[in-house]
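One letter stands for each residue in the lines below.
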Amino acid sequence: MDVRVIHCLLLWAAHFFLAMSHSTPRVLSNKSKTGDEQDACINLIPCQDNGAICIQPCSPSFHGETSFVCEDRKWQLLSDACASLDVQSLFQRISQSELLPCSGGHGGGAGAHLPFGGGGKLGHGKPGDGAKHFGAGNQSCQADFSCIIPDILSSPAIPGNIADIVELLKKISLLLSENVTRGKMQSYSRIANHILNSSIISNWAFVKDRNAGSILLDSVNLFAGKLLLRNESESIQEPFIATKGYSIHRNTSGRSFDFSMEFNSTGNITGNVVIPEEELLRLPRASKAISVAFPTLGAILETNQLGPAFVNGMVLSVLLPEELQNVLLTFEKLNKLEQVGAQCVGWHSAERRWDPRACRLRAHSVTAVVCICAHQRRTYRSFSILMAPAAPRSLVLDYITRVGLGLSILSLVLCLAIEAVVWHHVTKTEITYMRHFCLVNIAASLLVADVLFILAAIVHNTALNYQLCVAATFFLHFFYLALFFWMFTLGLLILYGLLLIFFKITRSVFLAAAFSIGYGCPLVVSVLTVAITEPKNGYLRPGACWLNWYETKALLAFVVPALSIIVMNLIVVVVVVVKTGRSSVGEGCKSQDLSSMIRVSKNVALLTPLLGLTWGFGLATIIDSRSLAFHVVFALLNAFQTREALRMNCLSSRRRWGLEKS
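Residues numbered from 1 in each chain as written. Predicted model: local features only at pLDDT ≥ 70, side-chain atom pairs only at ≥ 80, totals over all residues. Heavy atoms only, no water.

The chain goes by Adhesion G protein-coupled receptor F4-like in an unreviewed UniProt entry, where it is assigned to Cyanistes caeruleus. Here the chain is described in UniProt, under the heading Sequence similarities (unreviewed entry), as follows: "Belongs to the G-protein coupled receptor 2 family. Adhesion G-protein coupled receptor (ADGR) subfamily." (UniProt positions renumbered as here; feature names shortened; annotations may be inferred.)

Listed below in structure tokens is the structure:
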């Protein structure tokens, strides 16, 4: 069967089913309000049921509807599908020339083969609207789609029109993408540019189809990939979308695409695509490479992100032969105010989300990010950079963290050295052996965790390897959990010494229980966490070698055990305070009261860092993550957390050993 005949049949079928599907009555949910109740949306009458939907028709000059959702007894705008464009008629005008050959031999005009007379968004408008546009103008539309540009550019870029234009561009890409000339690409770009303008990006939030941004990206990529190159190169520039193409072959030197585009009224943003020479050597024949840049599309695609990470550069699409595997991309940052973590990502066209597996970070500066990305025609064709929300940064906070971490490591090494020297002299009784055994393991776990913290930062900053980052995160998670579980073991030991005076446990039983709690529990939690989340690529958080939070909540595997142990150890401190302060109750002696207060204060001062209670202040940084004061206090408390407590214990051990020798 002739290709043209098949193409005509596909067009006819598409028009028929679209017209039929949109003539079917719509069934509303039980909570939806219709009819006279729709005035409640307009007048914002307080609603009763949270989550209830109110459907309101558009004004007479528009077609479609507006949806409101009940939140806090008020109707909030959910989606706005009111549109003024007659998109179906526009599509008929540019596709009619393609349908004309189908009428040959069938004794009918072109219009006889359309299942509907025209109409707005998939069936709206007046019958026959499309027919009045057929005729002599079709030849120019066939060449460059120019006849529909005035109607589109004169329409307001409201959410309903945005959705209609996205649908129009999708249909053009699917059905009219043969022989994409420069004229067609220019018209296509002008249409897309109309809904990508930075001044109307906020309107995308109320487009009914939440995947409209992804559909637009896929449609542009499909259409641009069919662009015919004249004189071995092509360049088509609009303020908010640019397309460039080159003819490439194995003997070509490395090709690059340089973009400098308007982002908003304040200035331009740049991007660069480089195809390395070693990649071009893979080409078996001459081919073409096309790149499309979108400076504003990243803000639209952010709605597909679960976390707070935001796109901080233009979106660059790269359309290459399948033999080429890697490209080098440079993104200028939109927000250059702070040096925060950057992550190179590719848009997963099937899952409609940003995927960090597509790229790796090569270089990172205050103004730009360089990425190496894997090009896959069916999966990854568009790339950008994600940035985490700016955490509070200051020289004071950095100084406290670095100095505190360094002093903590030195103090822990010194403490372990002292314990090794005096071990046999301070562990002569069962209870002292158990106490010092817990202290040594707390010090060892914190020391390893501090070293791994530094290594994880190095791995992240240089983007050495994804697997290396996973390994660093696993061991960091394990040893921080071990720190808390050994502090929990010490808390249980303190309770044992205070409450179970006449109950004795053997050293072997203690060692078995302590190792099971101190290292066994963290190992189980760490292994289960990586086993459950890593297959879904949800183990690591974007931009850091640490547990993910927004996608898989893997961080709960650390937060829940840590906070539970902090609560348990707080109970231990309360018991110690009650037991040590009991002797002064009812005695009426001020000197004994003062002695008891001093004793209690010393115990609290020692046990608070030793049992990890200072970590409880981390809740404040979760509640208000942008408060610099909370971060400084938390850094101070935890940078010197166990250093001071272990120093006091180690020095007391050394003094006790000195007394015994004398």
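**Considering the overall build of the chain**
Of the regular secondary structure elements, the chain holds 19 helices and 16 strands. Among the 662 residues that make up the chain, the fraction classed as buried is 47%. Sequence-distant contacts, at least 24 apart, represent 69% of the contacts inside the chain between residues at least 6 apart. (Helix = DSSP H or I, 4+ residues; strand = E, 2+ residues; numbered from the N terminus. Buried < 20%, exposed > 50% of the residue type's maximum accessible area, 1.4 Å probe, protein only. Contact = heavy atoms within 4.5 Å.)

**Comments concerning the UniProt feature "transmembrane region" (unreviewed entry) in the chain**
Taken from the UniProt record, the annotation "transmembrane region" (unreviewed entry) applies to residues 403-426, 438-458, 478-502, 509-532, 555-578 and 604-622. Split by type, residues 403-426 is 100% helix and 0% strand. Its first and last C-alpha atoms lie 31 Å apart. Secondary structure content for residues 509-532 is 100% helix and 0% strand, and the end C-alpha separation is 33 Å.

**Quick notes on the packing of aromatic side chains**
In total, this model carries 17 aromatic pairs according to the counting rule given. Between Phe437 and Phe510 the ring centres are 6.1 Å apart and the planes differ by 75°, which places this aromatic pair in the edge-to-face class. Of the two residues, Phe437 sits in helix α12 (residues 430-462) while Phe510 sits in helix α14 (residues 507-533), which places them 73 residues apart along the sequence. Here Phe437 matches Phe510 in class, with each residue buried. Here Trp546 and Phe558 contribute two aromatic rings whose centre-to-centre distance is 5.6 Å and whose plane-to-plane angle is 75°, an arrangement assigned as edge-to-face. Of this pair, Trp546 sits in the loop between α14 and α15 (556-581) while Phe558 sits in helix α15, and the two are twelve residues apart along the sequence. Taking the relative accessible area as the measure of exposure, Phe558 reaches 9% and is therefore buried. Taken together, the ring pairs in this structure connect Trp423, Tyr433, Phe437, Phe478, Phe479, Trp486, Phe510, Phe515 and Tyr519 into an aromatic cluster. It is Lys171 that lies over the ring of Phe91; its NZ or CZ is 4.4 Å from the centre. (Phe/Tyr/Trp six-rings, centres within 6.5 Å; stacked < 30°, edge-to-face > 60°. Lys NZ or Arg CZ within 6 Å of the ring centre and 35° of its normal.)

**Focus on the state of the cysteines**
For the structure on display, the rule yields four disulfides. With its sulfur 1.9 Å from that of its partner, Cys58 forms a disulfide with Cys82. Across the disulfide from Cys58 to Cys82, rotation about the S-S bond amounts to roughly -95°, and the bridge is consequently left-handed. You can see Cys58 sitting in the loop between β1 (53-57) and β2 (65-71) and its partner Cys82 sitting in the loop between β3 (74-80) and α3 (87-99), a full 24 residues away along the chain. (Disulfide = S-S within 2.5 Å.)

**A closer look at unusual backbone geometry**
Peptide bonds are trans in most cases, and residues, glycine excluded, mostly fall at negative phi. The backbone phi angle of Asn179 is positive, close to 55°, even though this residue is not glycine. Relative to the helices and strands, Asn179 is located in the loop between α6 (159-175) and α7 (182-196). Of note in this structure, Asn231 is not a glycine but carries a positive phi near 55°. Within the element layout of this structure, Asn231 appears in the loop between α8 (212-224) and β4 (233-238).

**Regarding the confidence of the model for the chain**
When pLDDT is averaged along the chain, the result is 76; 68% of the residues meet or exceed 70. Residue range residues 98-137 is modelled with pLDDT below 50. Its contacts to residues more than four positions away, or to other chains, number 78 contacts. Scored below 50 in pLDDT, residues 654-662 shows nine contacts in the model against residues more than four places distant or in partner chains. (pLDDT = per-residue confidence, 0-100.)

**Quick notes on the sheet that holds β3**
Read from one edge of the open sheet, three strands run β1-β2-β3, paired in antiparallel fashion. Here the strands that pair on one side only, and so sit at the sheet edges, are β1 and β3. Each neighbouring strand pair of the sheet contributes to a mean axis angle of 30°, computed without reference to strand direction. With six bridges joining them, β2 and β3 adopt antiparallel strand pairing. Its bridge partner being in β3, Ser67 is matched across the sheet by Ser79. (Pairing = 2+ DSSP bridges. Axes fitted to C-alpha atoms, helices over the stretch in contact; angles between N-to-C directions.)

**What about the side chain of Asn548?**
Of note, Asn548 is situated in the loop between α14 and α15. A relative accessible area of 2% means that Asn548 is categorised as buried. Reaching out from Asn548, the side chain makes a polar contact with the backbone oxygen of Leu540 at a distance of 2.9 Å. (Polar contact = N/O pair within 3.5 Å; in protein donor to acceptor, adjacent residues only side chain to side chain.)

**Topic: the side chain of Ser219**
With respect to the helices and strands, the residue Ser219 is situated in helix α8. Setting aside residues no more than four positions away along its own chain, Ser219 makes contact with Leu169, Lys170, Ser173 and Tyr188.

**Considering the packing of α6 against α7**
When two helices pack together, you describe them by how their axes are tilted relative to each other and by the distance separating the axes. At a minimum axis separation of 10 Å, α6 and α7 run at an interaxial angle of 155°. Taken together, the axis directions place α6 and α7 in an arrangement best described as roughly antiparallel. Handedness of the α6/α7 crossing: left-handed. In contact with Ile162, Ile165, Val166, Leu169, Ile172 and Ser173 of α6, α7 contributes Tyr188, Ile191, Ala192, His194 and Ile195. Here the contact of α6 with α7 is built from residues that sort into nine nonpolar, two polar and no charged. (Parallel < 35°, antiparallel > 145°, perpendicular 65-115°, else oblique. Left-handed = near helix turned anticlockwise from the far one by under 90°. Nonpolar A, V, L, I, M, F, W, Y, C, P; charged D, E, K, R; others polar.)

**A closer look at the pairing of β2**
Among the seven residues in β2, six count as buried, and that is most of the element. Here β1 runs beside β2; their pairing, made up of five bridges, is antiparallel. By the bridge assignment for β2, Ile53 is matched with Val69. The turn linking β2 back onto β3 is made up of two residues, and Asp72 within it adopts a positive phi angle of 55°.

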